[in-house]
Amino acid sequence: MDQIVQDILSDRVRVSGGITAMTLTGDGRLRWTDGPQRSLTLEKQVLGFVVEGNKIRIRAVVDGRDEICCGGSAGSIVRKDFVFEPLSEDSKRLWCEKLRDFIDSFGRPKRLYIFVNPFGGKKIASKIFLDDVKPLLEDANIQFTVQETTQQLHAKEIVKGLDLSKYDGIVCVSGDGILVEVVNGLLEREDWNDAIKVPLGVVPAGTGNGMIKSLLDLVGEPCKASNAILAVIRGHKRLLDVTTILQGKTRFHSVLMLAWGLVADIDIESEKYRWMGSARIDFYALQRILYLRQYNGRVSFVPAPGFENHGEPSTYSEQNICNPIPSQQQPIKILQQGYQGPDVDLKNLEWRIINGPFVAVWLHNVPWGSENTMAAPDAKFSDGYLDLIIIKVCPKLALLSLLSNLNKGGHVKSPYVAYLKVKAFILEPGALTQEPNREGIIDCDGEVLARGKGTYQCDQKSLMSYDKLQITVDQGLATLFSPV
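In the nomenclature of an unreviewed UniProt entry, the protein chain is known as sphingosine kinase of Citrus clementina. A UniProt comment under Subcellular location (unreviewed entry) is attached to the protein chain, and it reads "Vacuole membrane".

Below, the structure is given as structure tokens:
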């Protein structure tokens with residue numbers, strides 16, 4: 001039997017000069033009987049409202065497909081105002097009260113701290129904020145503080161000292177890099193246990209945008225700034241796994257991915273062709289396939305249930321993780337405090353091992369690595385596991401075909417790819433099989449985590465040494481603003 005929805009308020013109002021009946025229903029719909037648009041869903045479409053004399057102006061968003069004649073387009077979101085006039089002062093007061101109470105019941109944020117990275121991607125984050133983000137926040141009556149980042153780790157340092165009690169969330173108008181900085185900053189605070197609960201939002205304005213692509217893809221929405229900030233405004237949240245990468249006394253917290261081998265080489269070394277724009281990735285990928293590299297090394301992991309057939313049985317060893325072998329390129333020294341990683345008894349877990357050589361090793365926390373790379377189609381935001389993609393021996397034509405399927409996740413079906421879920425992971429990277437004096441790059445969340453001998457820009461310092469490192473997962477540690 002269908003449940004009867006009780007109306008919250010029903011009254012006659014003036015719309016476009018005519019008198020019509022208007023109703024606020026118990027399931028959050030605002031209905032009226034006259035005009036081309038005769039209803040709005042408060043949760044999805046209504047951002048806020050303002051009183052203008054005797055009138056109430058509803059600030060809303062509608063599907064661009066319904067507004068093509070007004071500048072909209074398929075898949076876009078269009079801002080639109082709806083004005084009505086209650087017929088008495090008491091009626092106006094009651095409409096304002098009921099609308100405000102219903103909107104407040106959604107638990108939407110009211111105060112946000114916003115980072116804008118003007119240097120990321122195409123360097124248009126400031127324009128994206130002014131054109132796409134700010135107008136919607138103002139429509140939703142959300143107060144915000146804006147901070148442009150001026151250098152690497154700027155956001156991290158600000159977050160470490162930010163008075164979080166003043167804000168209901170932190171938003172990054174950037175690529176994934178600023179989000180990673182914010183997470184690490186929150187986890188280095190003394191009050192990290194409370195700080196990491198602050199909801200985090202992302203608006204795509206960088207090169208990769210993998211996190212927000214993964215979130216918006218859940219509901220089939222395009223990876224656009226307007227869709228992303230609406231996910232923040234609406235206030236829905238979901239938990240996110242956070243990984244801790246450990247080497248010696250150095251820790252780094254990751255939320256997106258870690259790559260070694262082919263993927264890391266393409267991501268980092270293609271920077272030398274940045275003048276080519278986004279085409280540099282495809283160009284350098286082809287170059288790396290033609291002159292394919294293989295790396296010695298090995299990986300150890302604790303498989304998720306159902307993946308125990310991968311690799312050979314092994315045991316856990318702390319050797320060289322807590323005290324890595326000194327390398328030619330010394331890592332950056334950082335002060336460690338705050339969160340130290342998940343409390344896991346690694347010695348008593350069932351470890352497996354796979355020996356190289358490897359073409360690529362790729363760990364992913366969420367499905368999309370960038371807007372056009374579905375690296376791990378089965379990845380979940382808070383399942384407590386990382387998705388591991390391993391490519392060992394692979395013919396060049398098969399590898400080219402495999403990489404061409406990255407935009408749909410079809411690469412994981414290749415017989416040359418091992419795809420599994422792991423709870424913990426140890427990487428022991430080695431040198432190139434063809435050139436024992438040259439090593440590789442370890443890429444984490446789009447930035448260099450470690451550079452080996454003879455690599456691109458190997459004279460630059462990195463956070464860790466090109467040596468054994470350990471990765472563990474803390475299930476649902478962080479919180480994201482999400483469309484659902």
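Chemist: For the sheet that holds strand S7 (residues 77–86), give the residues involved together with the corresponding values.
Modeler: Taking strand neighbours across the sheet as the criterion, the seven strands line up as S4-S3-S2-S1-S7-S6-S5 in an open arrangement whose pairing is antiparallel. At either margin of the open sheet sits one strand with a lone partner, and together these are strand S4 (39–41) and strand S5 (46–52). Here the average twist between neighbouring strands, direction ignored, is 30°.

Chemist: Residues and numbers for the packing of aromatic side chains, please.
Modeler: In this structure the tally under the stated criterion is ten aromatic pairs. Centroid distance Trp260 to Tyr295: 5.7 Å. Interplanar angle 50°. Geometry classified as tilted. Note that Trp260 is positioned in strand S14 (residues 257–261) and Tyr295 in strand S15 (residues 295–303), a separation of 35 residues in sequence. This pair shows no difference in class: Trp260 is buried, exactly as Tyr295 is. Over the ring of Trp368 we find Lys213, and its NZ or CZ is 4.6 Å from the ring centre. In this structure, Lys423 is placed above the aromatic ring of Tyr385, and the distance from its NZ or CZ to the ring centre is 5.8 Å.

Chemist: Account for helix H4 (residues 176–187), naming residues and giving values.
Modeler: Here H4 spans 17 Å end to end across twelve residues, near enough to the 16 Å set by a 1.5 Å rise per residue. With eleven of twelve residues buried, H4 is to be regarded as a mostly interior element. For H4, the complete set of buried residues consists of Asp176, Ile178, Leu179, Val180, Glu181, Val182, Val183, Asn184, Gly185, Leu186 and Leu187.

Chemist: An account of empty space enclosed by the protein is requested, with residue identities and associated values reported.
Modeler: A complete count under the given rule lists three cavities of 30 Å³ or more for this structure. For the largest cavity, the calculated volume is near 50 Å³. Lining the largest cavity, in full, are Thr243, Ile245, Ser254, Leu256, Met257, Leu258, Leu363, His364, Asn365, Leu386 and Ile471. Secondary structure elements with two or more residues in the lining of the largest cavity: strand S12 (237–247), S14 and strand S18 (360–364). In this structure, the second largest cavity spans a volume of roughly 40 Å³.

Conventions we followed
Residues numbered from 1 in each chain as written. Predicted model: local features only at pLDDT ≥ 70, side-chain atom pairs only at ≥ 80, totals over all residues. Heavy atoms only, no water. UniProt positions renumbered as here; feature names shortened; annotations may be inferred. Pairing = 2+ DSSP bridges. Helix = DSSP H or I, 4+ residues; strand = E, 2+ residues; numbered from the N terminus. Axes fitted to C-alpha atoms, helices over the stretch in contact; angles between N-to-C directions. Phe/Tyr/Trp six-rings, centres within 6.5 Å; stacked < 30°, edge-to-face > 60°. Buried < 20%, exposed > 50% of the residue type's maximum accessible area, 1.4 Å probe, protein only. Lys NZ or Arg CZ within 6 Å of the ring centre and 35° of its normal. Expected span 1.5 Å × (residues − 1). 1 Å grid on protein atoms, 1.4 Å probe; cavity = no way out; pocket = protein on both sides within 12 Å on 5 of 7 lines; lining within 4 Å. Points joined across faces, edges and corners; volume = space filled by probe spheres on them.

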